[in-house]
Amino acid sequence: MHNLLNQLTLTEKLELLIGEDMWHTKAIERLGLDSIRMCDGPHGLRKMVNDRESIGEVIPSIAFPTLSALSTTWNPDLAYQMGTALASECQLNEVDVLLGPGINIKRTPLCGRNFEYFSEDPFLAGKMATAYTLGVEEHGTATCLKHFSANNQEFDRMCIDSKVDLRTLHEIYFKPFEMVISDASPSSIMCAYNKLNGTYCSQNKWLLTDILRDTLGFKGLAVSDWWAVHDSSASLKAGLELQMPYADYHLPNLMAAYEKGEITIEEIDAAVETILSFIDDRIKARQMPPSNISMEEKHQLAKDIALESMVLLKNEDHLLPITTNKFKKVVLIGEYADKPFIQGGGSARVNALFVDSTVETLKEIAPKDLEIHYAGVYATWTPHHDVENILRGIEAAKEADIAVVFVGTGDIVETESADREHIKLKKAAEILILQVAKVNPNTVVVLQAGSAIDMSSWISEVKAVVLQGFSGCASGSALAEILLGHVSPSGKLTETYPLHLEDCPAYEEDLGNGLTVHYIEGIMVGYRYYNTYNKEVAFPFGFGLSYTDFSYNHLAIQPNEDGEKMNISCEITNIGTYAAKEIAQLYVHYENSPVIRPVQELKGFQKVFLNPGETKIITFSISKEDLTYFDATSQTWKMDEPSVTFQVGSSSRAIHLSDTLMLNH
Ligand code: BGC
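Let us look at the structure shown here.

Quick notes on the site of the ligand
The environment of the ligand is made up of 13 residues, and the closest members are Asp40, Arg113, His147, Tyr193 and Asp225. Contacts to the ligand include Tyr193, whose side-chain N or O atom sits 2.7 Å from an oxygen atom. A distance of 2.9 Å is found between an oxygen atom of the ligand and a side-chain nitrogen or oxygen belonging to Glu416. The fraction of the free accessible surface of the ligand (310 Å²) that becomes covered by protein chains is 93%.

This is the structure in structure tokens:
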């Protein structure tokens, strides 16, 4: 393949650096070089029926839970399996590159694309995205990590300048990319639209070469976000090999730059070689044996992920699960009980092949002596209908022993290209909840959203809240099983739910002024901020209830001989009556640190299944390197503290065991 380089004309070389159209690399027919097909995801396949056109009808495909919902499973095995199934979808549809996963940090709950991202925590995002990426890549499809870097909002995303200090970039925003690059070798990466510290990411040599390749060790292809290139030759010089999609100005611009000596043949050849080797790998990957995962198996996997993603946020008096010894008549209020919001909007939106209904599933699987009623109100948002709907919802709630109200944000509110204006539900939804709760003391709220919601005006009035999230095509049936207690909820939050938007660390600067956004909170993103400064929150990072209880015992820290690595282990016992999964979390804390450190940082997590009465030992392995911070002056990772405290808990604010280890430096 590489000797092709010598056979290419200059024009052909330059054409290879530019997309052939919206979704393909350039084919060079006279040399038998095929084009490579790219396609959006990342929680399903968003392939155009005619993908030689820019946009158009999208093929129906299986919609897995969005990455925000995948992350609340805290289960890398499921992320790997989802990657495997997505690779199979790609293979069946002749797609070579899946444009994902998106691993930007959830810096502010306003970001319209938060549903596409994993977490406010870089370690969690890095681990889950690594598993996902391995699942896709090991089964013959290329991933494209996105969006590099500091693209944490949609407002003015094409030109905003994210001002971020070096330590914060390394510890928070580069970290998940670093982890995926090191452990999963993604085939490609997509630069972000925005500027980073004054220079567009698409033409930022420091970012795309010094950091991405020389520091983080990336070996694949760097692709632009769609229309993110402002200056073709500056992008090429910065280390961006593929400019997407096709635009008629790229080729003349590159040719003119070459003729003026602004770009050299060496620079062009280096980029072309990377593209040729990428194309070569993709063409070889097409020879992989066909995937044998059936549609039923994919649906089941989507359901398994949805089941583990749901987070039980409140459950007063053990209201849930709904069992016939407690209740005879349940009413589901809100049309999302039948047609759930399963995802957000924009380029990640999948044309779901099918969508399960909670109402229908409950009717099928609930015990015969449990009456299931459905008040499909709430179809529109016009004030006139709101009143009618709310009144119908109240009437239905009066008649039932337990009322489950379905509310959410959906793909209009949470979408690419726009941020949310606030983090509350619509007024009509809040009123519906409050009015239902007034007439039915056993009110459950089910939330369908991809990012934090301010529940302050209604949460104290309801007994239970389930975060259903945007959990894909099997979300409705999975929720039914959770409501009935066939499966205990086992998801936990991967972002803090603040009491109010104003409490967020980024609030004062949030989305910036249209020109720049200063990341004033620095490394204190999410729980790092709330927990360090002891701020009250609605639900902390890592929080999620279960139908059972767990006890944590016997913490043991075992450093290896040279003290470079350590194992931290403890016992977890299911002390309740439900078989369930628990997510144990390992945080580190430092006393007497010479630098500012967050009071806690996540360094490990494990999900274990336990039958009632069962005990398991879990072990976290970490190295001294995992304890370092980035020193901006020397530009190295350092660890100066005399000791480290390991904390094991069921959330960042429920630490059950902790112990301190003295360190030899
Ligand atoms: C989005 C990318 C997406 C690309 C192609 C861009 O607008 O930011 O995430 O992959 O479009 O649709």
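Remarks on the sheet that holds strand 21 (residues 601–610)
With respect to topology, 4 strands assemble into an open sheet ordered 21-20-25-26, the strand pairing being antiparallel. With one partner strand each, in any of the chains shown, strand 21 and strand 26 (654–662) form the two edges of the open sheet. Across the sheet, the axes of successive neighbouring strands diverge by a mean angle of 20 degrees, strand direction being ignored. As judged from the 5 bridges shared by strand 20 (residues 580–589) and strand 25 (residues 643–651), these two strands associate in the antiparallel manner. Paired with Leu586 across the strands is Val648, a residue of strand 25.

A closer look at empty space enclosed by the protein
Summed over all chains, the structure comprises 2 cavities of 30 Å³ or more. In this structure, the largest cavity occupies an estimated 120 Å³ of space. Around the largest cavity, the lining is made up of 18 residues, and of these Ser68, Thr72, Ala449, Leu467 and Gly469 lie nearest the centre. Of the residues contributing to the lining of the largest cavity, the split by class is 7 nonpolar, 9 polar and 2 charged. Taken as a whole, the second largest cavity spans an internal volume of roughly 100 Å³.

Some details on the packing of aromatic side chains
Counted under the stated rule, the structure contains 17 aromatic pairs. When the centroid spacing of 4.4 Å and the interplanar angle of 20 degrees are considered together, the rings of Tyr527 and Phe541 count as stacked. Remark: Phe541 occurs in the loop between helix 18 (527–532) and strand 18 (550–559) and Tyr527 occurs in helix 18; sequence separation between them is 14 residues. Residues Tyr527 and Phe541 agree in their burial class; the two are buried.

Describing a negative patch on the surface
A cluster of acidic residues, Glu561, Asp562, Glu564, Glu625 and Asp626, forms a negative patch on the protein surface. Along the chain, Asp626 turns up in the loop between strand 22 (615–623) and strand 23 (629–631).

So, helix 5 (residues 122–137)
Here helix 5 is 16 residues long and its end C-alpha atoms lie 21 Å apart, about the 22 Å a rise of 1.5 Å per residue gives. A large share of helix 5 lies buried, amounting to 14 of its 16 residues. Residue Asp121 occupies the N-cap position of helix 5, its side-chain oxygen lying 3.0 Å from the main-chain nitrogen of Phe123.

So, the pattern of salt bridges
Under the defined criterion, the tally for this structure stands at 39 salt bridges. Among the ionic pairs, Lys427 bridges to Glu430, the shortest N-O distance being 3.5 Å. Residue Lys427 and its partner Glu430 are both found in helix 16 (residues 427–439); the two are separated by 3 residues, about one turn of the helix. One network of salt bridges, with partners in common, ties together Arg113, Glu116, Glu154, Arg157 and Glu416.

Describing the nonpolar core
One finds Phe64, Leu70, Tyr132, Phe148, Ile189 and Leu602 to be the most contacted residues of the largest nonpolar core, which totals 83 residues. It is helix 5 that provides the largest number of residues to this core, a total of 8 residues. Leu33, Met48, Ala142 and Leu221 belong to the second-largest nonpolar core, a separate cluster that totals 40 residues.

Side note on the side chain of Glu12
Its place among the elements puts Glu12 in helix 2 (residues 10–16). Residue class for Glu12 comes out buried when judged on its relative accessible area of 11%. Here the side chain of Glu12 touches Thr9 through a polar contact of 2.9 Å, landing on its backbone nitrogen. Within polar-contact distance, the side chain of Glu12 engages the side chain of Arg30 at 2.7 Å. Residues in contact with Glu12, not counting those within four places in the same chain, are Gln7, Ile28, Arg30 and Leu31.

Here we look at the pairing of strand 21
Consecutive side chains of a regular strand alternate in pointing toward one face of the sheet and then the other. Counting buried residues in strand 21 gives 8 out of 10 residues, a clear majority hidden from the surface. Judged from the 9 bridges that link them, strand 20 and strand 21 form a sheet pairing that is antiparallel. Within the sheet, the bridge partner assigned to Leu586 lies in strand 21 and is Gly604.

Focus on the sheet that holds strand 17 (residues 516–518)
Note on sheets: strands pair through backbone hydrogen bonds, and any given pair is parallel or antiparallel. Across the sheet, which stays open at both edges, the 4 strands sit in the order 8-7-5-17 with mixed pairing between neighbours. Only two strands of the sheet have a single partner each, and these edge strands are strand 8 (199–200) and strand 17.

Considerations on the environment of Asp121
As for its placement among the helices and strands, Asp121 is situated in the loop between strand 3 (97–99) and helix 5. Asp121 sits in the buried class, given a relative accessible area of 0%. The contacts of Asp121, once residues within four sequence positions are left out, are Ile105, Tyr527, Arg528, Phe541 and Leu602. Only 3.0 Å separates the side chain of Asp121 from the backbone nitrogen of Phe123, close enough to count as a polar contact.

Let's talk about the packing of helix 12 (residues 295–309) against helix 17 (residues 475–484)
Here helix 12 crosses helix 17 at 50 degrees, and the two axes come no closer than 8 Å. Taken as axis vectors, helix 12 and helix 17 run oblique relative to one another. When the axes of helix 12 and helix 17 are compared, the crossing they make is right-handed. Of the residues in helix 17, those touching helix 12 at Lys303, Ala306 and Leu307 are Ser475, Ser477, Ala478, Glu481 and Ile482. Counted by class, the contact of helix 12 with helix 17 contains 4 nonpolar, 2 polar and 2 charged residues.

Notes on the packing of helix 4 (residues 76–92) against helix 5
Where helix 4 meets helix 5, the axes come as close as 6 Å, and the angle between the chain directions of the two elements is 30 degrees. In this view, helix 4 runs roughly parallel relative to helix 5, as classed from their interaxial angle. Of the two elements, helix 4 crosses helix 5, and the hand of that crossing is right-handed. The segment helix 4 lies against helix 5, with Pro76, Ala79, Tyr80, Met82, Gly83, Thr84, Leu86 and Ala87 engaging Met128, Ala131, Tyr132, Leu134, Gly135 and Val136. Each residue belonging to the contact of helix 4 with helix 5 can be placed in one class, and the counts come to 11 nonpolar, 3 polar and no charged.

Conventions adopted
Residues numbered from 1 in each chain as written. Predicted model: local features only at pLDDT ≥ 70, side-chain atom pairs only at ≥ 80, totals over all residues. Heavy atoms only, no water. Near = heavy atom within 4 Å. Polar contact = N/O pair within 3.5 Å; in protein donor to acceptor, adjacent residues only side chain to side chain. Areas by Shrake-Rupley, 256 points an atom, 1.4 Å probe, with all protein chains shown as cover. Pairing = 2+ DSSP bridges. Helix = DSSP H or I, 4+ residues; strand = E, 2+ residues; numbered from the N terminus. Axes fitted to C-alpha atoms, helices over the stretch in contact; angles between N-to-C directions. 1 Å grid on protein atoms, 1.4 Å probe; cavity = no way out; pocket = protein on both sides within 12 Å on 5 of 7 lines; lining within 4 Å. Points joined across faces, edges and corners; volume = space filled by probe spheres on them. Nonpolar A, V, L, I, M, F, W, Y, C, P; charged D, E, K, R; others polar. Phe/Tyr/Trp six-rings, centres within 6.5 Å; stacked < 30°, edge-to-face > 60°. Buried < 20%, exposed > 50% of the residue type's maximum accessible area, 1.4 Å probe, protein only. Patch = residues over 30% accessible without salt bridge, like charges linked within 9 Å, V, L, I, M, F, W, Y side chains within 5 Å. Salt bridge = Lys/Arg side-chain N within 4 Å of Asp/Glu carboxyl O. Lys, Arg positive; Asp, Glu negative; His and termini not counted. Charge placed at Lys NZ, Arg CZ, Asp CG, Glu CD. Expected span 1.5 Å × (residues − 1). Core = buried A, V, L, I, M, F, W, Y, C linked by side-chain atoms within 4.5 Å. Contact = heavy atoms within 4.5 Å. Parallel < 35°, antiparallel > 145°, perpendicular 65-115°, else oblique. Left-handed = near helix turned anticlockwise from the far one by under 90°.

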